[in-house]
Amino acid sequence: MARSPSTRRSTIYDIAEAIGASPATVSVVLNGSWRRYRIKEETAQKVLKAAEEIGYAVNMKARGLRLSRSGLAGMIIPHFRNRFFAGLAEAFEADTRDRGLCPIVVSTRRDEAIEADVTNTLLSQQVEFLFIAGVRNPTPLNALCRAAGVPSVNLDLPGSEAPSVVTDNYGGARSLTEKLLAKLHKRRTAPRDLLFLGGIAGEHATDRRIEGFRDAVAAKGRDISTEISYCGYRPSSAREALAARFETLGRMPDGLFINSITAFEGLVQFSLKVPRQAMREVSTACSDWDPFAAHLPFDVTMTRQNVEALISEGYALVDNYVPGKNPLVVVPPEFTPSSERESDWR
């Protein structure tokens, strides 16, 4: 006896016939990988609607796709160990939850293989978009997102293949250097030299900060010599580079521009190993911020990268995302009152 149509289990062939699509297309939509194969959302919606109407057992991933929402928002960062990236992650989590989404933040240790692996994993989990923060070359990751039909936004370091939001590294560094020079001239002694410490040659943030640093010196401190030390960001590397400069000069430089809070840790470590007198006349500026610096026994001026604004602008780019249009948004850093005090270590 033939089985009644009402009891027959529906198949992908029934769905394909109902909407005039191929069984392969139906299969790809139902297993949740339709974006990867560049199937139109309109087609995916037709497949899922037909599946519901004929009673096909659609899995939970496909049900999420029916609404074009997984409820997941992804972000990758290099690490959590400095206040900037930790603050960026915290701001992202807060804004994401306010939007009713679940944030996923993963650190990748500035390792290209880990960056690619994590990006693929997040895409396989159907994140609705991906924020890519602090990646020196985000282009391969942007390409993975584009192939999956998922918007991506680069934060902190820009890329040409996706919208980007960065701090105004040039303007911030120029203003910070001007404040540093003003403090040196206020002492009524002719400053001799400035050392720019930290960062990586060819990296956007470092290059722009050096431009701002040099332009400020050229405009307001023409008789001052400058030295650039590309020592990366590790505290130990900054400490060793500073020790080498100290040995060459036989003293501390008159002014220090520290390019990141982790490099600033190297200065703090070094300050504990030199005579007190060696640190007394040094003026220091740092392009990152930590509130504990206000309690250090030497003069320091800092800027704070506005993590809340960076995330807010990133979300604005997601909300207005247009494939192929990749604007660059620049966010000014802030000077914090506690970071501009004069040293009381005299």
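The sections below set out a description of the structure shown in this document.

Rules behind the numbers
Residues numbered from 1 in each chain as written. Predicted model: local features only at pLDDT ≥ 70, side-chain atom pairs only at ≥ 80, totals over all residues. Heavy atoms only, no water. Salt bridge = Lys/Arg side-chain N within 4 Å of Asp/Glu carboxyl O. Helix = DSSP H or I, 4+ residues; strand = E, 2+ residues; numbered from the N terminus. Buried < 20%, exposed > 50% of the residue type's maximum accessible area, 1.4 Å probe, protein only. Lys, Arg positive; Asp, Glu negative; His and termini not counted. Contact = heavy atoms within 4.5 Å. Phe/Tyr/Trp six-rings, centres within 6.5 Å; stacked < 30°, edge-to-face > 60°. Pairing = 2+ DSSP bridges. Core = buried A, V, L, I, M, F, W, Y, C linked by side-chain atoms within 4.5 Å.

## With respect to the pattern of salt bridges
Opposite charge on two side chains permits them to pair, given that their charged atoms come into close proximity. Evaluation of the coordinates by the stated rule reveals 14 salt bridges. Between Arg136 and Glu203 there is a salt bridge whose closest N-O contact spans 3.3 Å. Highlighted residues: Arg136 in the loop between β3 (130–133) and α7 (139–147) and Glu203 in the loop between β6 (193–197) and α9 (204–220), separated in sequence by 67 residues. Classification of Glu203 by relative accessible area gives buried; the value is 6%. With a closest N to O distance of 3.9 Å, Arg251 and Asp254 form a salt bridge. Under the relative-accessibility criterion, Arg251 is labelled partly exposed at 23%.

## Observations concerning the side chain of Glu115
Of note, Glu115 is situated in helix α6 (residues 112–124). Despite its burial, Glu115 pairs with no opposite charge, the nearest such side chain being Arg110 at 6.5 Å. With residues up to four places along the chain from it excluded, the contact list for Glu115 reads Thr108, Arg110, Val135 and Leu141.

## Here's the deal with the packing of aromatic side chains
Counting across every chain of the model gives 10 aromatic pairs. Relative to Phe85, the ring of Phe84 lies with its centre 4.9 Å away and its plane at 55°, an arrangement referred to as tilted. Exposure class is identical for Phe84 and Phe85. Each is buried. Relative to Phe257, the ring of Phe213 has its centre 5.7 Å away and its plane inclined at 70°; by these criteria the two rings are edge-to-face. Taken as a pair, Phe213 in helix α9 and Phe257 in strand β8 (residues 255–258) lie far apart in primary sequence, 44 residues in all. Across the pair, Phe257 and Phe213 agree in class, each one buried. A connected cluster of aromatic rings, assembled from ring pairs, spans Phe92, Phe129, Phe131 and Tyr315.

## What to know about the pairing of β8
Of the two faces of β8, both are covered, the one formed by Gly255 and Phe257 as well as the one formed by Leu256 and Ile258. Judged from the four bridges that link them, β6 and β8 form a sheet pairing that is parallel. Paired with Leu197 across the strands is Ile258, a residue of β8. Two elements, β8 and strand β9 (residues 283–286), share four bridges in a ladder whose sense is parallel. Bridge pairing in β9 links Ile258 to Cys286.

## What about the nonpolar core?
Residues Met75, Leu88, Phe92, Phe131, Leu155 and Ile311 are the most contacted members of the largest nonpolar core, which totals 25 residues. Secondary-structure elements contributing two or more residues to this core are β1 (72–77), α5 (83–98), β3, β4 (152–155), α13 (307–319) and β11 (328–331). In contact with Ile311, other than residues within four places in its own chain, are Met75, Leu88, Ala91, Phe92, Asp95, Phe131 and Leu155. Counting residues in each nonpolar core, the second largest holds 24 residues, with Cys231, Ala263, Phe270 and Met279 among its members.

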